[in-house]
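# Structure assessment
Each chain, letter by letter, is given below.
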Amino acid sequence: MAKGNDRRRRAEIAGAGIGGLTVAAALSARGWDVTVHERAPDLRTFGAGIYIWSNGLRVLKALGAYDEATADAHVGPLFETRDHDNKIMEEIPINRPGNARLITILRETLTRSLINVCRAGGVEIRTASEAVGAAPDGTLLLADGTRRPADLVVGADGINSAVRDSLDLLMYRKHLGYGAIRMLIPRADGDVASADRDKYIEHFSGSRRILYTPASATELYVALCCASDDEAAMAVPADRELWTDSFPHLASLVARFDDSGRWDAFEVVKLKRWSKGRAAVLGDGAHAMPPYLGQGGGCALMNGIGLAAAVADAPDIPAALEAWEARERPLTEHTQEQSERQGDMNYWPDALRSQVLTITGRSRELAMQRLKTALHVPTGTAEAI
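Right, let's walk through the structure included here. (Residues numbered from 1 in each chain as written. Predicted model: local features only at pLDDT ≥ 70, side-chain atom pairs only at ≥ 80, totals over all residues. Heavy atoms only, no water.)

The next point concerns the overall build of the protein. Helix and strand counts for the protein stand at 12 helices and 18 strands. Taking 385 residues into account, the globule formula puts the C-alpha radius of gyration at 21 Å, and the protein, at 21 Å, falls close to it. Across its three principal axes, the protein shows a C-alpha extent of roughly 65 × 45 × 35 Å. Burial status across the protein gives 54% buried among its 385 residues. For the protein, restricting intrachain contacts to residue pairs at least 6 apart in sequence, the fraction spanning at least 24 positions comes to 73%. Working note: accessible area of the protein is about 15,600 Å², and carbon and sulfur atoms make up 49% of it. (Helix = DSSP H or I, 4+ residues; strand = E, 2+ residues; numbered from the N terminus. Rg over C-alpha atoms; globule rule 2.2 N^0.38 Å. Buried < 20%, exposed > 50% of the residue type's maximum accessible area, 1.4 Å probe, protein only. Contact = heavy atoms within 4.5 Å. Areas by Shrake-Rupley, 256 points an atom, 1.4 Å probe, with all protein chains shown as cover.)

Take helix α11 (residues 350–360) next. Buried within α11 we find Arg353, Ser354 and Leu357. When α11 is viewed along its axis, its buried side chains cluster within an angular range of 100° and face the same direction. In this structure, α11 carries Ala351, Gln355 and Ile359 as exposed residues pointing more than 90 degrees from its buried face. If you follow the buried residues of α11, they end up packed against β4 (78–82), β5 (88–93) and β13 (200–205). (Arc of directions from axis to C-beta.)

A word on the sheet that holds strand β9 (residues 139–142). On the basis of which strands lie adjacent, the open sheet formed by 3 strands has the order β8-β9-β10 and antiparallel pairing. Where the open sheet ends on each side, the last strands, each with one partner, are β8 (131–135) and β10 (147–149). Across the sheet, the axes of successive neighbouring strands diverge by a mean angle of 20°, strand direction being ignored. (Pairing = 2+ DSSP bridges. Axes fitted to C-alpha atoms, helices over the stretch in contact; angles between N-to-C directions.)

The next subject is the nonpolar core. Counting residues in each nonpolar core, the largest one holds 68 residues, and the members touching the most others are Leu60, Leu152 and Leu307. It is helix α9 (residues 296–311) that contributes the most residues to this core, 9 residues altogether. Formed by 23 residues, the second largest nonpolar core is a distinct cluster that contains Tyr51, Ile92, Ile94 and Phe266. (Core = buried A, V, L, I, M, F, W, Y, C linked by side-chain atoms within 4.5 Å.)

A separate point is helix α10 (residues 317–342). Taking 1.5 Å of rise per residue, the 26 residues of α10 would be expected to cover 38 Å, and the 37 Å separating its terminal C-alpha atoms lies within 8% of that figure. Along α10, the largest kink reaches about 40° and is centred on Glu328; proline Pro330 follows within four residues of it. N-cap assignment for α10: the residue whose side-chain oxygen lies 3.1 Å from the backbone N of Ala319 is Asp316. (Expected span 1.5 Å × (residues − 1). Bend = angle between axes of the 7 residues up to and from the residue. Polar contact = N/O pair within 3.5 Å; in protein donor to acceptor, adjacent residues only side chain to side chain.)

Turning next to the sheet that holds β5. Within the open sheet, the 7 strands sit side by side as β5-β4-β13-β14-β15-β12-β16. Their pairing is mixed. The strands lining the two open edges of the sheet, one partner per strand, are β5 and β16 (262–271). Sheet twist, expressed as the average angle between the axes of neighbouring strands with direction ignored, equals 20°. Across the sheet, α10 is in contact with β12 (170–186), β14 (208–214) and β16; its angle to β16 comes to roughly 135°.

Its place among the elements puts Arg182 in strand β12. Polar side-chain contacts of Arg182 include one of 3.1 Å to the side chain of Asp264.

Moving on, we come to the packing of α9 against α10. To describe two helices that pack against each other, one gives the angle between their axes and the distance between the axes. Their axes nearest at 9 Å, the elements α9 and α10 cross at an angle of 155°. Taken together, the axes of α9 and α10 are roughly antiparallel relative to one another. In terms of crossing hand, the pair formed by α9 and α10 is right-handed. Residues Cys299, Met302, Asn303, Gly306, Leu307, Ala310 and Val311 of α9 pack against Ile317, Ala320, Leu321, Trp324, Arg327, Glu328, Leu331, Thr332 and Thr335 of α10. (Parallel < 35°, antiparallel > 145°, perpendicular 65-115°, else oblique. Left-handed = near helix turned anticlockwise from the far one by under 90°.)

Dropping the structure here:
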């Protein structure tokens, strides 16, 4: 409730992705009226898997989306990185007492669980409603010329955020010269050795990677990573012969690649500030990062619920947004930095990479820097999951 009267506060949110739906659900639970605008004609998401670490699971629990989101999740026993000879370079223990939790699910499963929580809480979700900008006074501008006044505007409209750009918040947007073809295929026996079937494994060969990720009991998420100038490797559909040559020990898996998939370039986005007046930006539009730590979605979840907690009953929305950024931004930028650093090894010679990762993989200190975000207890969540 607004201070001093019974008027319910209103939020207008651009984008029905992870960040937008998270802040919508969290604001609705705190008594706000919320409308989410999605420019696409429907709420379907691109078919891919997503990693959710402990930090993200805590947010889902706090929102009431946990049970649905994790119902068909895959819970792997180990995350490994392997070299061009399929030798283990490092192991990251997960899902054991004292370790971070990690599950993988279909991205559409996560999105659907957040949509259902939003709808149960009375959030209005409008499709084919494109935001083209925002004003610091809390007005969302739509492509059809409509102006939507609110107490708070949130731009969660992706890496090409129109809300961000209309507010002149961009500090820089850096293309990393690397990217991935992402696809979902049915799981099958024989893709990898039986002992590896349920693990999460990242395979290196030259400047190429294959990420093997069971995403449910029946679906396998595969990411084929390469340099942005590696035209043969980034072609869609994937060139099976080329990828088999780079990863002969994965020949059975590569042979089952279908003609689906989508190429996405990896970028880092940083803003001068995350808000201006009553308008804020979160998600890829504010803090895009490469996916090497599997925390892009986790940061969107954390910053979404953190934003809602900051403004919930705040008498001064702009000041609350500044406090939100001061609290959340340091960990987000740590995550960006660690994710970008993991990409530095893309161009190392195979022998050097194998030697270095085998040594650094034994360092608890380095492991804890990478797991700092996963082990964080986000604002607005409980310790236990």
